[in-house]
Amino acid sequence: MSQDAKIRLDHVQKKYLGSKAPAVDSLTLEVPEGEILVLVGPSGCGKSTTLRLINRMIEPTGGRIFLDEEDVTTVDPDHLRRRIGYVIQQIGLFPHQTIAQNIATVPKMLKWDKARIAERVDELLSVVGLDPEVYRGRYPSELSGGQAQRVGVARALGADPEIMLMDEPFGAIDPITRDRLQNEFLRVQETLRKTIVFVTHDIDEAIKMGDRIAILGEQSHIRQIDTPERILAFPVDDFVRDFIGSGSTLKGLHFEIVDDNVELDPYPTMTVDSTAAEGLALARAAHADWVLLLDASHRPLRWVPVDELEAGGPVTAESGTEVLAKVSLGATLFQALEQMLVSSAAVACVVREDGSYHGVVRLTYLNRVIRQARREAREHYERLEAMA
Amino acid sequence: MSQLTPAQARLGDHGTTTDGREPEGSLPPDLEAPHEPGWLTRARRKHLGLKTAPLGILGLAGLVFWYYQSLNLAESKVQIASPLAWGTKLWPQTVEHLTIAFWSTVLVVVVAIPLGIALTRPPLRRFGPTIVAVANSGQALPAYGLLILFLSMLGQGLRTVVVALVLYALLPVLRNTMVGLDAVERSVIEAGRGMGMTRWQVLTRIELPLAVPVILAGVRVAMILNIGMATLAYLIGGGGLGVTIAVGLKLQQDAVLVIGASIVAIVALTFDWLGALAETYLRPKGV
């Protein structure tokens, strides 16, 4: 047990009166400060119950809950909840209060003075991307679903809680708006560094939002808890594998970055100054069917096929086909793969910030990266097992 | 607080979102302006009714006044002149009538709203159906019988009338209080509790304000019931405008009958209008 866990559940159990099996059975979990932990699992697995145990909207029937190593299992739940932001799928804005009054709910209960509350409301509206001038006096019925959930998040952030609990916050929002809200939330979180427990049933949302993911089975038993990369690279059992579903390898590519530490494949390149014969020699040497033509400042220009070089003639900016597939350093391998699929040479050109040629990504390279990620994840779990 | 400022700056220089659209422009057009200005929206029609109703009531009152003047009481026979004397009969009876209706409505509100609140709280929830059934039977009994029943228990007088009317008019307020509170969305209550509001705060700041329109509608119904039922108060010596109506019936004087009944109608219409006014202006904004 590390001592710096922001949230720690110790053998927490919830058993409803009159049911034999507990809804949450002896759950032990730690969330370090500043982390987004996503609880994900099939419906009915108790993930929402688990979340509501943390702020004691549901009272646990066993075990202990610690926040900042302070045992909060028996403190006044109302005071406890004022320290914890809470966002739910249905949002639950108070329809008879303005947006400003909604956001001021917790600060008002904590008896902040009026000027400070007003300042805070405007600040939070800006944080969630709503213009305070326009929105602070509106009523919830005047908002779209996406705007309402922005206000829901702002309200949860009201008194600047260190911990946020989010129960499928973007679940009822259309996919395009959801994607945008997720991105914005992640960007805000980069600065705020709240400790967040996030519940979803959507594995893709979990992969996107989570620093770590806990995949829960029946009765909130943790089947696997780890970073999204490792879970994708090495699902520990069939339950997890089934839950992640197909395409986990592809999803894993989102986490691999094209950067300087990775050795990229070389590719025969030539400039507009060189002759066809020189290019042909390079291609032959590398057993390549194409040569990449660079311009004077070393930017990728055209793919020139070997046949064209064999035919001789001058190599110009019109030779071959255009270079469509370019990714910059820092892009994910997923983006690189997408580019490879449209490239005539089936490789993605990696360019530096100034647009100059850096290297290429090929299928064999992806294959190498994936296998390495899997090996590392497996070794990680073998080490854990050896320690246990 | 200060740690938020960088985020603000970030969002600020991030004028457009991932797909390049302005964040504000993202809302669907149908939600941009939820209140389309139609010529006669339902709300406006209602306001129209609110504004024209007093004219109708005043017109009716003017008509009755003209009729009353045309009777020329000073020269008419005693069967008409005596019961229609304004200073000694009609005005005191109107005051009595309103007193009965006022106290019975106040008592209904004082009893039924707290009862309705209590019966929607978890510990007492299971008694709800039973109590509603009792209140229901109070209304199912003939008002006449109810009055006689209380006469035998409490004796004659205004107090007995008020007690009987309270039982009679309890149901609409009780039921509307329970319905109004139950209609508050669970998610709104859940959000309030989740932010650390106490049960009392959730009740007083969220549930009751949201239930106000429904509760007020119940109170309005109870008030009108009480004004109507107060005409029966004369049966057990409670007074009120029922006396004039009864006299008109007994002496077969249509003028007395018409004037007595008209004043009851004017009083009832006036208070119904005041009720409508309260419902409109006490409705929480944004709902």
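Calculation rules
Residues numbered from 1 in each chain as written. Chains lettered and ligands numbered in written order. Predicted model: local features only at pLDDT ≥ 70, side-chain atom pairs only at ≥ 80, totals over all residues. Heavy atoms only, no water. Buried < 20%, exposed > 50% of the residue type's maximum accessible area, 1.4 Å probe, protein only. Helix = DSSP H or I, 4+ residues; strand = E, 2+ residues; numbered from the N terminus. Pairing = 2+ DSSP bridges. Core = buried A, V, L, I, M, F, W, Y, C linked by side-chain atoms within 4.5 Å. Contact = heavy atoms within 4.5 Å. Domains from an automatic or database assignment. Axes fitted to C-alpha atoms, helices over the stretch in contact; angles between N-to-C directions. Phe/Tyr/Trp six-rings, centres within 6.5 Å; stacked < 30°, edge-to-face > 60°. Lys NZ or Arg CZ within 6 Å of the ring centre and 35° of its normal.

Digging into the pairing of strand 9 (residues 212–216) of chain A
Residues and elements named next belong to chain A.
- Counted residue by residue, strand 9 has five buried out of five residues, so it is predominantly covered.
- A two-sided burial pattern is seen for strand 9, the buried positions comprising Arg212, Ala214 and Leu216 on one face and Ile213 and Ile215 on the other.
- When strand 3 (residues 36–40) meets strand 9, the two strands line up parallel, connected through four bridges. Residue pairing across strands places Leu37 opposite Arg212, the latter belonging to strand 9.
- Hairpin remark: strand 9 followed by strand 10 (residues 222–226), antiparallel, with five residues in the connecting loop; positive phi at Gln219, about 55°.

Regarding the nonpolar core
All names here are of chain A.
- Counting 59 residues, the largest nonpolar core has Val40, Ile103, Met164, Met166, Phe185, Phe198 and Ile215 as the members making the most contacts within it.
- Beyond its immediate sequence surroundings of up to four residues, Phe198 is in contact with Ile36, Leu37, Val38, Leu39, Met166, Pro169, Phe170, Glu205 and Met209.
- In this structure, Leu29, Ile84, Ile88 and Leu216 belong to the second largest nonpolar core, which totals 29 residues.

Thoughts on the domain arrangement of chain A
- Segmenting chain A into domains produces domain 1 (5–245) and domain 2 (269–367).
- For domain 1 of chain A versus domain 2 of chain A, the distance between C-alpha centres works out to 47 Å.

With respect to the sheet that holds strand 14 (residues 321–322) of chain A
Residue and element names in this part refer to chain A.
- Judged by pairing direction, the sheet is mixed, and its four strands sit side by side in the order 11-12-13-14 without closing on themselves. Either end of the sheet is taken by a strand with one partner, and the two such strands are strand 11 (269–271) and strand 14.
- Direction of pairing for strand 11 relative to strand 12 (residues 290–294): parallel, over a ladder of three bridges. Residue pairing for strand 12: Met270 is matched across the bridge by Leu293.

Some remarks on the sheet that holds strand 15 (residues 326–328) of chain A
All names here are of chain A.
- An order of 15-16-17 is seen for the three strands of this open sheet, with the pairing classed as mixed. Here the strands that pair on one side only, and so sit at the sheet edges, are strand 15 and strand 17 (357–361). Along the sheet, successive strands turn relative to each other by an average axial angle of 35°, direction set aside.
- Pairing between strand 15 and strand 16 (residues 348–351): three bridges, direction parallel.

Quick word on the packing of aromatic side chains
Residue and element names in this part refer to chain A.
- For the structure shown, the criterion picks out six aromatic pairs over all chains.
- The interplanar angle of 50° and the centroid separation of 6.2 Å between the aromatic rings of Phe170 and Phe198 together place this pair among those described as tilted. Of this pair, Phe170 sits in the loop between strand 7 (163–167) and helix 8 (175–192) while Phe198 sits in strand 8 (residues 195–200), and the two are 28 residues apart along the sequence. Across the pair, Phe198 and Phe170 agree in class, each one buried.
- Positioned over the ring face of Tyr16 is Lys14, at 5.0 Å from the centre of the ring.

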